[in-house]
Amino acid sequence: MSSTQLSSQESASRPSVIPCFLRGFFENPLQVASFVPSSVYLQRKLSSLACLQTARCVVELGPGTGETTRALLEAMPADSQLLCVEVVSEFVARLQEFADPRVTVVENSALALKSILQQKKFPSPEVIVSGVPFSVMTPEEGRQLIQTIHQTLAPGGAFVTYQFRNNVCELAADCFGSPQSRELVLWNLPPLDVYLWKKAERKTQKRLSASHSSASPAKIH
């Protein structure tokens, strides 16, 4: 989708989306990070992600009213599948209006991702995109969500999140290390950063585990 098409689409849909988004924000302040939908600039950034071009299974956590969902679908292959996990009922109703057969919508917490994937018989996703605001979660909840994402993500897969604050970097450090990329989307309300991490390939993980074991100090008798 071109920038012009995205702009036209956003202009046409935004008036009807904003009241829904405002209700979601005021009724669920701990689940909805902003009082306005994601900007067209964030949509462009997400739709340009190279990791989406070949992904067969993608998960979106906290898709809101679907602006970012539309951007992901534009970048994904025709034979792929997208699982959207959203906790706000009114947002779920909007997401279920998508006519795209690739979309599956589940009303649940992002923390339940592992069981959702099992119930829906989805494979390990190659990309997980999260709009869940880590800044309003407790540190324990934030680390639990990061661990869930890391456990369910396919080896070599990408974890992408867009955040207004950078505490996600500290939360993700143990599982993912430092982000591979961080890009500012200035023309968003409020401005935010898009972070991307890659999960290590299985061979790399085994090599790291073996290295850690061999480096363990010998017992002293």
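All values derive from a computational prediction rather than experimental measurement.

What counts and how
Residues numbered from 1 in each chain as written. Predicted model: local features only at pLDDT ≥ 70, side-chain atom pairs only at ≥ 80, totals over all residues. Heavy atoms only, no water. Helix = DSSP H or I, 4+ residues; strand = E, 2+ residues; numbered from the N terminus. Buried < 20%, exposed > 50% of the residue type's maximum accessible area, 1.4 Å probe, protein only. Contact = heavy atoms within 4.5 Å. Salt bridge = Lys/Arg side-chain N within 4 Å of Asp/Glu carboxyl O. Phe/Tyr/Trp six-rings, centres within 6.5 Å; stacked < 30°, edge-to-face > 60°. Arc of directions from axis to C-beta. Expected span 1.5 Å × (residues − 1). Pairing = 2+ DSSP bridges. Axes fitted to C-alpha atoms, helices over the stretch in contact; angles between N-to-C directions. Nonpolar A, V, L, I, M, F, W, Y, C, P; charged D, E, K, R; others polar.

A.B. asks: Hey, could you run me through the overall build of the protein in this one?
C.D. replies: Per the secondary structure count, the protein includes 8 helices and 7 strands. A buried classification covers 46% of the 221 residues belonging to the protein. Residue pairs at least 24 apart in sequence account for 68% of intrachain contacts in the protein once pairs closer than 6 positions are excluded.

A.B. asks: Is there a simple way to explain the pattern of salt bridges in this structure?
C.D. replies: Here the idea is simple: oppositely charged side chains can pair when their charged atoms come close. For the coordinates displayed, the defined rule picks out 4 salt bridges. Here D79 ties to R56 by a salt bridge, and the two come within 3.4 Å at their closest N and O atoms. Here the residue D79 occupies a position in the loop between α3 (67–75) and β2 (81–86), and R56 occupies one in the loop between α2 (40–47) and β1 (57–61), the gap between them amounting to 23 residues. Taking relative accessible area as the criterion, D79 reaches 53% and is therefore assigned exposed. For the salt bridge of R182 with D193, the shortest nitrogen-to-oxygen distance reads 3.4 Å. Remark: D193 occurs in strand β7 (residues 192–198) and R182 occurs in strand β6 (residues 181–185); sequence separation between them is 11 residues.

A.B. asks: What exactly am I supposed to notice about the packing of aromatic side chains here?
C.D. replies: To describe a pair of aromatic rings, you give the distance between the ring centres and the angle between the ring planes. With the rule as written, the count across this model stands at 4 aromatic pairs. Ring geometry for F159 and F176: centres 5.4 Å apart, planes at 35°, overall tilted. Residue F159 is located in strand β5 (residues 158–163), and its partner F176 is located in helix α7 (residues 167–176); the two are separated by 17 residues in the primary sequence. Since its relative accessible area comes to 0%, F159 is described here as buried. Between F159 and W197, the aromatic rings sit 5.3 Å apart at their centres with planes inclined by 15°, giving stacked as the arrangement. Taken together, the positions of F159 in strand β5 and W197 in strand β7 put the pair 38 residues apart, joining distant regions of the chain. The two residues F159 and W197 agree in class, both being buried. Ring-pair connections join several aromatic residues into one group, and the members of that group are F159, F176, Y195 and W197.

A.B. asks: Just to check I follow, could you spell out α7 for this structure?
C.D. replies: Residues lying three or four places apart along an α-helix face the same way, a consequence of the helix completing one turn every 3.6 residues. Restricting attention to buried positions, one finds in α7 the residues V168, L171, A172 and F176. For α7, the angular spread of buried residues about the axis comes to 110°, placing them on one side. Away from its buried face, by an angle of more than 90 degrees, α7 presents the exposed residues E170 and D174. Of the surrounding secondary structure, the elements contacted by the buried residues of α7 are α6 (139–152), β5 and β7.

A.B. asks: Just checking my understanding: could you explain α6 for this structure?
C.D. replies: Between its terminal C-alpha atoms α6 stretches 20 Å, which fits the 20 Å expected from 14 residues at 1.5 Å a residue. Those residues of α6 not exposed but buried are G142, L145, I146, T148, I149, H150 and T152.

A.B. asks: Please clarify how the sheet that holds β7 should be interpreted in this entry.
C.D. replies: Whenever strands of a sheet pair, they do so through backbone hydrogen bonds, lying parallel or antiparallel. Strand order in the open sheet made by the 7 strands is β3-β2-β1-β4-β5-β7-β6, with mixed pairing throughout. Each edge of the open sheet is held by one strand with a lone partner, namely β3 (103–107) and β6. Averaged over all pairs of adjacent strands, the angle between strand axes in this sheet comes to 15°, irrespective of strand direction.

A.B. asks: How do you make sense of the packing of helix α5 (residues 113–120) against α6 when you look at a structure like this?
C.D. replies: When two helices pack together, their arrangement is given by the angle between their axes and by how far apart the axes lie. Where α5 contacts α6, the axes come no closer than 9 Å and their chain directions differ by 35°. Together, L113, K114 and L117 of α5 and T148, Q151 and T152 of α6 make up the contact between the two elements. Its residues assigned to classes, the contact of α5 with α6 shows 2 nonpolar, 3 polar and 1 charged.

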